Structures are given as C-alpha cells and as structure tokens.
Amino acid sequence: MIAICADGAAGEGTAWLAEYRGRRPTFACVLSFTETGLIPRISAAGKTVENRRYTAAADGEFLVAKQGRNSRTRQLPPLQAGISPAVISRAVLQSLSIPIHLLSTGLHTALNVPHIALPSVQAESLETGCAMSLAQAQALFSAGQAWGARLASASTYLIIGECVVGGTTTAQAVLTALGYEAAGLMSSSHVTGNHDQKQRLVNQGIAALRCRRRCSQGSTTKPKALDLCAKDVAAAVGDPMQLVVAGMLLAASQTGGVLLAGGAQMLAVYALAKAIAQQESMSWQSQRVVVGTTRWVIEDCHADTVRIAQQIKVPYLASQIHFGQSPYVQLRAYEQGFVKEGVGAGGCAIAAHLYKGWTRSQLRHAVEAQLRHAF
C-alpha cells in the first residue's frame, strides 16, 4: 500500500514507516495564494482564472465543514476532469477522526470555517523576481516555526498538506534557484506537463532576481551564482506556503515525525528548509521527515519527481491508491492523469494504511462514500 520511491539514506524511509505505524497523526493544511496561479493555462486546479482565485478556500472549507443544504461553504472549483483531491483527504480524515488544522495566508476571500490566520501575504507572480519582501518571508517562516512546534507537541506525527494554485511552478523556481535540476521533471495538475511554460517563467523570475542583485551590488557583470540566502530565494520566486511549511517542519521535527503530504511542491519545501537550516545553523531532525504523495505523481510519464527527491536526499513515499475499478467517472479521471495530488491527499492515503491498515479497496470505498454523502 506504501512504496518507498527514494531514500535519503539507507533505510530511512523504512525506519520512518516502522516508527509511526499504528499511531494517529494530526493533519495541518496550509492554504495560500500566489498571482502565479492566475497566469493562463498555468494550472488545471480550477477551470477558469476566476475559479483559481478561490480554489484554496473552497478546498480548505470542504475538508472541515459540515456538508448539507444549509452549509455556508463555497462549492469545490470545477475542473476540466476529475474532482478535487480534497475529497480523498476528507474521506480519510473524517473516517479515522484525525484532528485537522487549517492555516491560511493571503487568500482572496475569508474562510467560513475555523482556521489559523497567518501573516497575510498575497504573493506577486514569480516572473517579477520579487514575489514577496524579505520581511514578509521572515514573518511567514517564523509563524510556521511557532505553529509547527505547537501542533507537533500534541501529536505523534504531523501530516502537513497544502493548497496553492500554481505551486508546482514556484516550486520549480525555488529548486532551480537553490541549484537543483528541476526543468522538465515537475509534475502538474495537467495531464501532460506544461514544462515550456514553467521554464519560461522560472527563467524570467531568476533573471529579474539576478538583475536586482547586480543593481544592489553596483555590479555590471553577471554573477556565476545567485549567492543568496534561501529565504531571499523563496521571497523572490516562491510562494507563502513554502516558507510557512519550511518553518513548520524544522520546528516539528524536534519533537516528532513529519510527513510532508505532496509531490513536487513538498520536495521544494524540504529543499528550502534544508538550505535555511544549513545557512542559519538551525537544529532539526532530518531523519524524522519524509515526503509522501500518490502513485499518480510517481507514475507521471511527463515528469520525474523521484529524480528530484534523489537530488535533495529525502525519503519519498507513495500511496498505491487506485481508482480504476471505481464506478465514479470523477475518480477514474485520476487514472488518466488528471489532478494527481493536492490538499494532502497522498499523505492522508499513506496515513490511512499506517494508522489502520487500510487496503486500496477500503480507501476507494471510503472516498466513494464521501462523494455520495457530499454530492
């Protein structure tokens, strides 16, 4: 039910699974926004640009709200095919009574459900090379540290999910600026990856960052490397979620396990956190942190996130979730390459097996029951 696709060191993934088997986790989901997500065709997480403004809010509300005719929550965003992965996460979290915490920053609309309000930062698009100020980045990171420590103190291990439209593109930008190979390797919500578009935006953002760097140093020559601190990089071409979760995982790892629930985006977050910890001589327990996703991300023939995980040296797990036998066309769309991951779906599926030994069939039936109840 859980595959180890890459390992940070010999046996780290296996040891992590053994350590937290049978334990009930706590789930936290960071909802955020970047103007990158409004670029035409950048994401399939919302059928239109206007839909994508509210994707994170709708997904977050769906996770925790009571469903019914009198519900004040907004509808899940319409997609080209399939249905939001929030349905998968909710099915696991509700069925297994796993505690849920929503954290939000910079959303276009106020949430209609209980949540933790972080410093509000609406990030500019990454091609500006100045998505956020360094002060904003530091505030987000510090808030993440505080909440990571607080939530971890009350749980055996912490699952951290995210919802930020356009996040695989900002993830590619951060990975590239930190020196990792990411071009052509990133997964996305599209059936086929929009690699050319992503790379063009990343190139523009990093070029703008280099230009600002030269101007601030009074230099006219192109530097061989960006030579910036990791927080500078995230502020320039990243998104708010990355900084919050980086702070959360570094703090939470001090007291318990952390499952970063996502694919390419969470790999970038891990790389960012690792760089910050190294640059600022921060203490953390890297062996307590893994990244977990769905098999649809791992099996994406238009991407290679395993190669990214190998570069950054982190245990990379995948739930063997399968909807091929489902009577619901929305779920079978996942098997055709639509959606793939988001809102912590892969991590929740991994937790269902770890905590209660759920099989693929049990997981599918729970998600189908969620669909019938909610819609």
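Above this text is the structure in question.
Residues numbered from 1 in each chain as written. Predicted model: local features only at pLDDT ≥ 70, side-chain atom pairs only at ≥ 80, totals over all residues. Heavy atoms only, no water.

Participant: How would you explain the overall build of the protein chain if you had to name every residue and give the values?
Facilitator: Counting secondary structure elements, the protein chain contains 15 helices and eight strands. Relative to the 2.2 N^0.38 estimate, which gives 21 Å for 375 residues, the radius of gyration of the protein chain is 19 Å and therefore close to what a compact globule would have. C-alpha atoms of the protein chain, sized along the principal axes, occupy 60 × 45 × 40 Å. Counting the 375 residues in the protein chain, one finds 58% classified as buried. The contacts of the protein chain with a sequence gap of at least 6 include a subset with a gap of at least 24, amounting to 81%. Accessible surface computed for the protein chain: about 14100 Å², of which carbon and sulfur atoms make up 48%. Looking at the protein chain, you have 33 positive and 22 negative side-chain charges, and the mean spots of the two groups are 4 Å apart. (Helix = DSSP H or I, 4+ residues; strand = E, 2+ residues; numbered from the N terminus. Rg over C-alpha atoms; globule rule 2.2 N^0.38 Å. Buried < 20%, exposed > 50% of the residue type's maximum accessible area, 1.4 Å probe, protein only. Contact = heavy atoms within 4.5 Å. Areas by Shrake-Rupley, 256 points an atom, 1.4 Å probe, with all protein chains shown as cover. Lys, Arg positive; Asp, Glu negative; His and termini not counted. Charge placed at Lys NZ, Arg CZ, Asp CG, Glu CD.)

Participant: Tell me about helix H3 (residues 55-64), residues and numbers included.
Facilitator: In terms of burial, H3 is a largely internal element, nine of the ten residues being buried. Residues of H3 that are buried: Thr 55, Ala 56, Ala 57, Ala 58, Asp 59, Gly 60, Glu 61, Phe 62 and Leu 63.

Participant: Which residues make up the packing of aromatic side chains, and what values go with them?
Facilitator: In the structure shown here, the tally under the stated rule is seven aromatic pairs. Plain terms: the ring middles of Trp 16 and Tyr 157 are 5.4 Å apart, the flat faces sit at 80 degrees to each other, and that makes the pair edge-to-face. Of this pair, Trp 16 sits in helix H1 (residues 12-20) while Tyr 157 sits in strand E5 (residues 157-163); the two residues are 141 residues apart in sequence, bridging distant segments of the chain. Here Tyr 157 falls in the buried class, since its relative accessible area comes to 0%. Considering the side-chain rings of Tyr 20 and Tyr 157, the 5.3 Å spacing of their centres and the 50 degrees angle between planes classify their relative orientation as tilted. (Phe/Tyr/Trp six-rings, centres within 6.5 Å; stacked < 30°, edge-to-face > 60°.)

Participant: Talk me through empty space enclosed by the protein; I want residue IDs and the actual numbers.
Facilitator: With the rule as written, the count across this model stands at three cavities of 30 Å³ or more. In this model, the largest cavity occupies a volume close to 410 Å³. Listed by contribution, the elements that provide at least two residues to the lining of the largest cavity are H3, E5, helix H6 (167-177) and helix H10 (264-279). Class assignment of the residues belonging to the lining of the largest cavity gives a composition of 13 nonpolar, 13 polar and four charged. Ala 44, Leu 79, Gln 80, Ala 81, Ser 189, Phe 338 and Val 339 together form the lining of the second largest cavity. (1 Å grid on protein atoms, 1.4 Å probe; cavity = no way out; pocket = protein on both sides within 12 Å on 5 of 7 lines; lining within 4 Å. Points joined across faces, edges and corners; volume = space filled by probe spheres on them. Nonpolar A, V, L, I, M, F, W, Y, C, P; charged D, E, K, R; others polar.)

Participant: Run through the side chain of Ser 104, naming residues and quoting values.
Facilitator: Structurally, Ser 104 can be placed in strand E3 (residues 100-104). Not counting residues up to four positions away in its chain, the partners in contact with Ser 104 are Leu 31, Leu 111, His 115, Ile 116, Ala 117 and Leu 118.

Participant: Before we move on, could you go through the sheet that holds strand E2 (residues 26-31) and cite the residues and values that matter?
Facilitator: If you trace the eight strands from one edge of the open sheet to the other, you get E1-E8-E7-E6-E5-E2-E3-E4, paired in mixed fashion. For this open sheet the edge positions go to strand E1 (2-6) and strand E4 (116-117), each flanked by a neighbour on one side alone. Docked against the sheet, helix H9 (residues 240-252) engages E2, E3, E5, strand E6 (257-261) and strand E7 (289-294), running at close to 175 degrees with respect to E5. Across the face of the sheet, H10 comes into contact with E5, E6, E7 and strand E8 (316-319) while running at roughly 115 degrees to E5. (Pairing = 2+ DSSP bridges. Axes fitted to C-alpha atoms, helices over the stretch in contact; angles between N-to-C directions.)

Participant: Describe the nonpolar core, and please don't skip the residues or the numbers.
Facilitator: Formed by 74 residues in total, the largest nonpolar core has its most connected members in Met 248, Leu 249 and Leu 260. Excluding residues within four positions of it along the chain, Met 248 makes contact with Ala 28, Val 30, Leu 103, Gly 144, Gln 145, Gly 148, Leu 151, Leu 158 and Ile 160. Ala 65, Leu 79, Trp 296 and Ile 321 belong to the second largest nonpolar core, which has 58 residues in total. (Core = buried A, V, L, I, M, F, W, Y, C linked by side-chain atoms within 4.5 Å.)

Participant: Outline the environment of Ala 236, supporting the account with residue identities and numerical values.
Facilitator: Residue placement: Ala 236 occurs in helix H8 (residues 230-237). Distance from Ala 236 to Thr 170, taken between C-alpha atoms, is 9.9 Å for residues 66 residues apart in sequence. Non-local contacts of Ala 236, meaning those with residues more than four positions away in its chain, are made with Leu 126, Gly 129, Cys 130, Ala 131, Leu 209 and Arg 212.

Participant: Outline the pattern of salt bridges, supporting the account with residue identities and numerical values.
Facilitator: Evaluation of the coordinates by the stated rule reveals seven salt bridges. In this structure, the salt-bridge partner of Glu 280 is Lys 231, at a minimum N-O distance of 3.0 Å. Placement of Glu 280 in the loop between H10 and E7 and of Lys 231 in helix H8 is noted, with a sequence separation of 49 residues between them. For Arg 295, the salt bridge goes to Glu 335, with nearest N and O atoms at 3.0 Å. (Salt bridge = Lys/Arg side-chain N within 4 Å of Asp/Glu carboxyl O.)

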